[in-house]
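Reading the structure
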Amino acid sequence: MTITSPQNPALKQLRRLRRRRDRERDGRFLAEGEDLITAAGLAGWQPLEGFRAAGSGLGGQDFADVDATTLSTVSTLGSGTRVIGVYEQRWAKVPVGPLCVYLHGVRDPGNVGTVLRSAQAFGASCVTLGPDCADPYSPKAVRASMGAIFGVAVARVESIGELPGERVALVANAGEVLRGPPAGSQGVTLLIGAEREGLPDEVVAGCERVAHIPIEAESLNAAMAATVALYEMTSGSTRVRAS
């Protein structure tokens, strides 16, 4: 049977998952589009529920068919979507090394999602969120991750003392020029703040090393800084890589 009413109870539940408080309460999130559904499957994630535009043939056999116009009323995409999966959120109990990225006060979900994408690209073992960060399971962050949300461990911490390895604070125009880890390093966590506020002084003081990325402009946004820093950590002869 094809769902045709926007007031269908299952579709109402999908709309609720647009809101952070409902996602956090339910422990679920949405992934929209063929690419994300495929990425989830390749990473071994099975949807709790699935919905597809009638006649599209997308998703698994258990995906419910929905009239295409009706499905568009649920989508967070301006152009609508042909398939939506509902997945269970997964949070790592503790941050893991050897290469971890910590975000502090990064409120743009697009930046959080892009950091996840860069973390996956460079083989980082974990992305960890501190206070005042955007929800990595928000629709915008999930889209920006391009499927990396299904392949990179995500953790939350209250204190940077929980972070693995040597803590390296990225601070514009401060400390040494960022270079790869020293020989024999047992792991590194890169700490990155929001573009304007940066890292709080007390967070910087709790790190073993302070470094900056040499650039001509005043600053980089969090996602760009993370990408450059991850490249530096993994491109030299000394490499810290997830096994």
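Described in the following lines is the structure provided in the data block.

Parameters and conventions
Residues numbered from 1 in each chain as written. Predicted model: local features only at pLDDT ≥ 70, side-chain atom pairs only at ≥ 80, totals over all residues. Heavy atoms only, no water. Helix = DSSP H or I, 4+ residues; strand = E, 2+ residues; numbered from the N terminus. Rg over C-alpha atoms; globule rule 2.2 N^0.38 Å. Buried < 20%, exposed > 50% of the residue type's maximum accessible area, 1.4 Å probe, protein only. Contact = heavy atoms within 4.5 Å. Areas by Shrake-Rupley, 256 points an atom, 1.4 Å probe, with all protein chains shown as cover. Lys, Arg positive; Asp, Glu negative; His and termini not counted. Charge placed at Lys NZ, Arg CZ, Asp CG, Glu CD. Salt bridge = Lys/Arg side-chain N within 4 Å of Asp/Glu carboxyl O. Pairing = 2+ DSSP bridges. Axes fitted to C-alpha atoms, helices over the stretch in contact; angles between N-to-C directions. Polar contact = N/O pair within 3.5 Å; in protein donor to acceptor, adjacent residues only side chain to side chain.

1. Here's the deal with the overall build of the protein chain
Counting its regular elements, the protein chain contains eight helices and 11 strands. Scaling as 2.2 N^0.38, a compact globule of 243 residues should have a C-alpha radius of gyration of about 18 Å, and the protein chain matches this with 20 Å. Buried positions account for 47% of the 243 residues belonging to the protein chain. Nonlocal contacts in the protein chain, meaning residues at least 24 apart in sequence, comprise 78% of its contacts between residues at least 6 apart. Total accessible area on the protein chain stands at roughly 11600 Å², and carbon and sulfur atoms take up 48% of it. Between the centroid of the 25 positive side chains of the protein chain and the centroid of its 26 negative side chains there is a distance of 5 Å.

2. With respect to the pattern of salt bridges
In total, this model carries 15 salt bridges according to the counting rule given. A salt bridge links Glu49 to Arg28; the nearest nitrogen and oxygen atoms lie 3.3 Å apart. Of this pair, Glu49 sits in strand β2 (residues 49–53) while Arg28 sits in strand β1 (residues 28–32); the two residues are 21 residues apart in sequence, bridging distant segments of the chain. Taking relative accessible area as the criterion, Glu49 reaches 31% and is therefore assigned partly exposed.

3. Describing the side chain of Ser145
Considering the arrangement of structural elements, one finds Ser145 in helix α6 (residues 139–145). By relative accessible area, Ser145 is classed as buried at 1%. Not counting the four nearest positions on each side in its chain, Ser145 is found in contact with Gly113, Leu116 and Arg117.

4. Concerning the sheet that holds β1
One open sheet accounts for four strands, arranged β1-β4-β2-β3; its pairing is mixed. Every other strand in the sheet has two partners, leaving β1 and β3 (64–66) as the edge strands with one partner each. Within the sheet, the average angular offset between the axes of one strand and its neighbour, ignoring direction, is 25°. Looking at chain direction, β2 and strand β4 (residues 83–88) are connected through four bridges and run antiparallel. Bridging across to β4, Arg52 finds its partner in Val83. The strands touched by helix α3 (residues 34–42) within the sheet are β1 and β4, with β4 carrying the most contacts at an inclination of about 40°.

5. Brief notes about the side chain of Thr81
Looking at where Thr81 falls in the secondary structure, it is placed in the loop between α4 (68–72) and β4. Judged by its relative accessible area of 12%, Thr81 is buried. A polar atom in the side chain of Thr81 sits 3.4 Å from the backbone nitrogen of Gly33. A polar atom in the side chain of Thr81 sits 3.2 Å from the backbone oxygen of Val83.

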